[in-house]
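# Structure assessment
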Amino acid sequence: MREKGQLKQNRTAKRFVITKKPLHYHGTNRIVCPYCGNDEDFLELAENVAITTRYVQNEDGSFTPVADDTQVFGEIKFSCGKCGADLTKYHKHFLEMLF
Ligand SMILES: [Zn+2]
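Residues take numbers from 1 onward in each chain, read along the sequence in its written order. Selection of residues for local features in this predicted model requires a pLDDT of at least 70, selection of side-chain atom pairs for listing and counting requires 80 or more, and totals for whole chains, interfaces and linings are taken over all residues.

This part takes up the overall build of the protein. Looking only at helices and strands, the protein has two helices and four strands in total. Seen in sequence order, the protein has helices and strands lined up from the N terminus as α-β-β-β-β-α. A residue is called partly exposed when the number of other C-beta atoms within 10 Å of its own lies between 12 and 20, exposed at 12 or fewer, and buried at 20 or more, with C-beta atoms placed from the backbone. The 99 residues of the protein split such that 3% are buried. Note on contacts: each residue gets a C-beta atom placed from the backbone, and two residues are in contact if those atoms are within 7 Å. In the protein, once contacts between residues fewer than 6 apart in sequence are set aside, the share between residues at least 24 apart is 51%. Secondary structure elements are taken from DSSP: a helix is a run of H or I of four residues or more, a strand is a run of E of two residues or more, and numbering for both begins at the N terminus.

The backbone of asparagine 48 shows a phi angle near 50 degrees, a positive value even though the residue is not glycine. As for its position among the elements, asparagine 48 is in the loop between strand E1 (42-46) and strand E2 (49-57). What makes asparagine 48 exposed here is the crowd of 9 C-beta atoms within 10 Å.

Looking now at the pairing of E2. With respect to burial, E2 is a largely exposed element, only zero of its nine residues being buried. We treat two strands as partners when DSSP finds at least two bridges between them. Where E2 meets strand E3 (residues 63-72), nine bridges bridge the pair, whose relative direction is antiparallel. Residue threonine 53 lies in a different strand from E3, and its bridge partner there is aspartate 68. Count of turn residues in the E2/E3 antiparallel hairpin: five residues, of which glycine 61 carries a positive phi of about 90 degrees.

Moving on, we get to the environment of phenylalanine 78. Residue placement: phenylalanine 78 occurs in strand E4 (residues 76-80). Judged by the 19 C-beta atoms lying within 10 Å of it, phenylalanine 78 falls in the partly exposed class. Distance in space between the C-alpha atoms of phenylalanine 78 and leucine 43 is 5.8 Å, their sequence separation being 35 residues. Among all residues touching phenylalanine 78, those that are not within four sequence positions of it are Phe42, Glu44, Leu87, Thr88, Tyr90, His91 and Phe94.

A word on the confidence of the model for the protein. The predictor attaches a confidence to each residue, called pLDDT, with possible values from 0 through 100. Chain-level pLDDT for the protein is 81 on average; 72% of the residues reach the 70-or-more range. Per-element confidence in the protein ranges from a low mean pLDDT of 50 for helix H1 (residues 2-27) to a high of 95 for E4. Contacts from residues 18-25, a stretch scored under 50 in pLDDT, to residues over four places away or in other chains number zero contacts.

By secondary structure assignment, the location of arginine 54 is in strand E2. Contacts of arginine 54, omitting those with residues within four sequence positions, involve Val66 and Ala67.

Here's what the structure looks like:
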């Protein structure tokens, strides 16, 4: 009798964990590709980028980069890393969630 009671308790505990997980994911504001369902792999594509890097030459003739400045003159596109779909409309959201 005691063992049966313990089994029941474990089962309800497991069910509680299983039903809680999907609710947790729905609550977050994750970007999901509407075409393939990918929510992990994304690409940011920048056109016409000028990258300026300032270097200091050391005494032994080697160089050390001290600062770099990236200027984007063209459009920045945001796309799915798996199927390549254009997700630029999510780019603003991506920047807000970028840490
Ligand atoms: Zn996709």
